[in-house]
Amino acid sequence: ANAHVFVDGTEKPVEDGMVAVALPDGPHTYRVESVGYASQQDNIIMAGKKETRTVELVSTMPTLTITAASPETEIFVNDTRRGSGSWSGELFPDDYVVEGRQAGHRTHSQKVSLKDGQSKTVAIPALGVISGYLNINYKPFDAAITIDGKDYGTTPNIVENLSVGDHSVTISAPGEHTVTGKLAH
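Figured I'd write up the structure that's included with this text.

Reading the values: rules and limits
- Residues numbered from 1 in each chain as written.
- Predicted model: local features only at pLDDT ≥ 70, side-chain atom pairs only at ≥ 80, totals over all residues.
- Heavy atoms only, no water.
- Helix = DSSP H or I, 4+ residues; strand = E, 2+ residues; numbered from the N terminus.
- Rg over C-alpha atoms; globule rule 2.2 N^0.38 Å.
- Buried < 20%, exposed > 50% of the residue type's maximum accessible area, 1.4 Å probe, protein only.
- Contact = heavy atoms within 4.5 Å.
- Areas by Shrake-Rupley, 256 points an atom, 1.4 Å probe, with all protein chains shown as cover.
- Lys, Arg positive; Asp, Glu negative; His and termini not counted.
- Charge placed at Lys NZ, Arg CZ, Asp CG, Glu CD.
- Pairing = 2+ DSSP bridges.
- Axes fitted to C-alpha atoms, helices over the stretch in contact; angles between N-to-C directions.
- Phe/Tyr/Trp six-rings, centres within 6.5 Å; stacked < 30°, edge-to-face > 60°.
- Lys NZ or Arg CZ within 6 Å of the ring centre and 35° of its normal.

### Digging into the overall build of the protein
And then number 1: Helices and strands together make up the secondary structure of the protein, namely zero helices and 19 strands.
And then number 2: In terms of C-alpha radius of gyration, the protein reaches 32 Å, well past the compact-globule figure of 16 Å for 185 residues.
And then number 3: Oriented by its inertia axes, the alpha-carbon framework of the protein measures out at about 105 × 25 × 20 Å.
And then number 4: Evaluated residue by residue, the protein yields a buried proportion of 27% over its 185 residues.
And then number 5: Contacts spanning at least 24 positions in sequence make up 37% of the contacts within the protein whose residues lie at least 6 apart.
And then number 6: Element-wise, carbon and sulfur atoms account for 49% of the exposed surface of the protein, whose accessible area totals about 12000 Å².
And then number 7: Charge-centre separation for the protein: the mean point of 15 positive side chains lies 2 Å from the mean point of 23 negative side chains.

### Examining unusual backbone geometry
And then number 1: Backbone torsion omega between Lys139 and Pro140 reads 15°, so that peptide bond is classified as cis.
And then number 2: With respect to the helices and strands, Pro140 occurs in the loop between β14 (131-136) and β15 (144-147).
And then number 3: Backbone torsion omega between Thr155 and Pro156 reads -15°, so that peptide bond is classified as cis.
And then number 4: For Pro156, the position within the fold is in the loop between β16 (150-154) and β17 (157-163).
And then number 5: Its identity as a non-glycine residue notwithstanding, Asp8 has a phi of 50°, on the positive side.
And then number 6: Mapped onto the fold, Asp8 is located in the loop between β1 (4-7) and β2 (10-12).
And then number 7: Of note, the phi angle at Asp142 is positive, near 70°, even though the residue is not glycine.
And then number 8: Among the secondary structure elements, Asp142 is positioned in the loop between β14 and β15.

### Let's talk about the sheet that holds β15
And then number 1: Here four strands make up an open sheet; going across it, the order is β16-β15-β18-β19 and the pairing antiparallel. If you trace the sheet from one side to the other, it starts and ends with β16 and β19 (179-184), each paired once. Looking at each pair of strands side by side, their axes are set apart by 25° on average, direction ignored.
And then number 2: Relative to strand β18 (residues 166-172), β15 runs antiparallel, the two being bridged by four bridges. For Ala144, the partnering residue across the bridge sits in β18 and is Ser172.

### Observations concerning the packing of aromatic side chains
And then number 1: Per the counting criterion, the structure on display carries zero aromatic pairs.
And then number 2: The ring of Phe6 is capped by Arg31, whose NZ or CZ atom sits 4.3 Å from the centre of that ring.
And then number 3: When the ring centre of Phe76 is taken as origin, the NZ or CZ atom of Arg101, which lies over that ring, is 3.8 Å away.

### Considering the sheet that holds strand β12 (residues 108-114)
And then number 1: Strand order in the open sheet formed by four strands is β9-β8-β11-β12, and the pairing between neighbours is antiparallel. Two strands in the sheet have a free side with no partner beyond their single neighbour: β9 (80-84) and β12. Each strand of the sheet is rotated relative to its neighbour by a mean of 25°, with strand direction disregarded.
And then number 2: Where strand β8 (residues 74-77) and β9 come together, four bridges link them in antiparallel fashion.

Have a look at this one:
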């Protein structure tokens with residue numbers, strides 16, 4: 001429907017994907033073209049009767065397929081979200097930035113150049129967890145530390161490689177009041 005049709009070098013109006021032209025007897029040429037498709041050109045000889053041609057253009061748009069090692073990884077192409085885990089589609093020939101994003105993880109980014117008719121696959125590796133440490137200096141000393149239900153020793157302590165995000169921290173000791181709090185980092 002968005003194609004340009006030329007008959008004997010003159011562009012003709014396209015309506016609903018069709019062109020109707022009255023031509024005198026004799027040889028004529030036609031060309032059909034559209035952005036992202038291979039143009040087609042052919043000859044026709046008119047001999048006093050109606051002639052019909054059906055033209056189907058073949059896409060030359062490059063195809064980009066993206067797969068992520070983790071199904072939770074969100075896929076972005078030039079900052080436009082395309083899905084999670086995997087995506088495939090046609091894009092115009094150009095340079096693109098492909099990103100894999102996941103909360104609490106480092107973003108993976110890479111540049112991709114696409115040319116006419118090319119198919120390219122990009123694999124986003126497992127994203128690294130963003131972590132830090134938590135310094136728990138709480139009295140009484142030797143109180144049990146539990147983070148998200150997992151034992152982390154006793155106070156005072158430095159908990160390393162704790163993933164970024166919300167955590168439930170509980171500190172308890174026999175004969176003492178148990179303290180539970182939410183940690184957001």
